[in-house]
Amino acid sequence: MTATLLNYKSLSVPERIRLVGDIWESIVDDTLDNVPLSNAQAAEVERRVEAHLANPASGVPWAEVREKLFAAIQGLIPAW
């Protein structure tokens with residue numbers, strides 16, 4: 001295992017949030033097929049898929065959500 005040491009406390013809050021997001025995404029990428037869903041989680045996924053199929057226009061692309069989130073964190077736009 002190779003890791004780059006980083007003094008994360010020297011990063012700004014938005015940079016640390018991005019770092020956490022990047023780490024989380026790498027964990028998801030590495031474990032997506034290895035972590036089974038509980039019955040309740042599977043039911044929730046099914047409910048959300050059905051809701052989306054019933055009204056596809058109600059969804060918001062992840063890129064848009066992420067952009068608004070980071071802009072709000074950085075104080076560029078008001079939070080929701």
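Scroll up a little and you will see the structure.
Residues numbered from 1 in each chain as written. Predicted model: local features only at pLDDT ≥ 70, side-chain atom pairs only at ≥ 80, totals over all residues. Heavy atoms only, no water.

**Here's the deal with a nonpolar patch on the surface**
Keep this limit in mind: Patch construction takes residues with relative accessible area above 30% that form no salt bridge. Like charges are linked within 9 Å, and nonpolar side chains (Val, Leu, Ile, Met, Phe, Trp, Tyr) are linked within 5 Å. Using a 1.4 Å probe, the Shrake-Rupley method yields the accessible areas, and only the shown protein chains count as cover for residues. Criterion for a salt bridge: a side-chain nitrogen of Lys or Arg within 4 Å of a carboxyl oxygen of Asp or Glu. What counts as a helix is a DSSP run of H or I of at least four residues, what counts as a strand is a run of E of at least two, and both are numbered from the N terminus. Working definition: with a 1.4 Å probe on protein chains only, accessible area under 20% of the residue-type maximum means buried, over 50% means exposed, and in between means partly exposed.
On the surface, V13, I17, L69 and I73 cluster together into a nonpolar patch covering about 270 Å² of accessible area. Contributing elements (two or more residues each) for the nonpolar patch: α1 (13-31) and α3 (62-73). Tracing the backbone shows I73 in helix α3. The exposure class assigned to I73 is partly exposed, which follows from its relative accessible area of 33%.

**Regarding the pattern of salt bridges**
Under the counting rule described, the total for this entry stands at five salt bridges. The partner of R66 in a salt bridge is D22, and the shortest N-O contact between them spans 3.9 Å. Linking R66 in helix α3 with D22 in helix α1, this pair joins segments that are 44 residues apart in sequence. Assessed through its relative accessible area of 42%, D22 is described here as partly exposed. The salt bridge partner of R48 is E44, with a shortest N-O separation of 2.7 Å. One end of the pair, R48, and the other, E44, are both in helix α2 (residues 39-54), four residues apart, so they sit about a helical turn from each other.

**Quick word on the packing of aromatic side chains**
Which entries qualify depends on this criterion: Any pair of Phe, Tyr and Trp rings, taking the six-membered ring for Trp, is counted once the centres come within 6.5 Å. Such a pair is stacked with planes under 30 degrees apart, edge-to-face with planes over 60 apart, and tilted for the rest. Criterion for a charge above a ring: Lys NZ or Arg CZ within 6 Å of the ring centre, and within 35 degrees of the ring normal.
What the rule picks out here adds up to zero aromatic pairs. Sitting above the plane of the F70 ring, R18 keeps its charged end 5.3 Å from the centroid.

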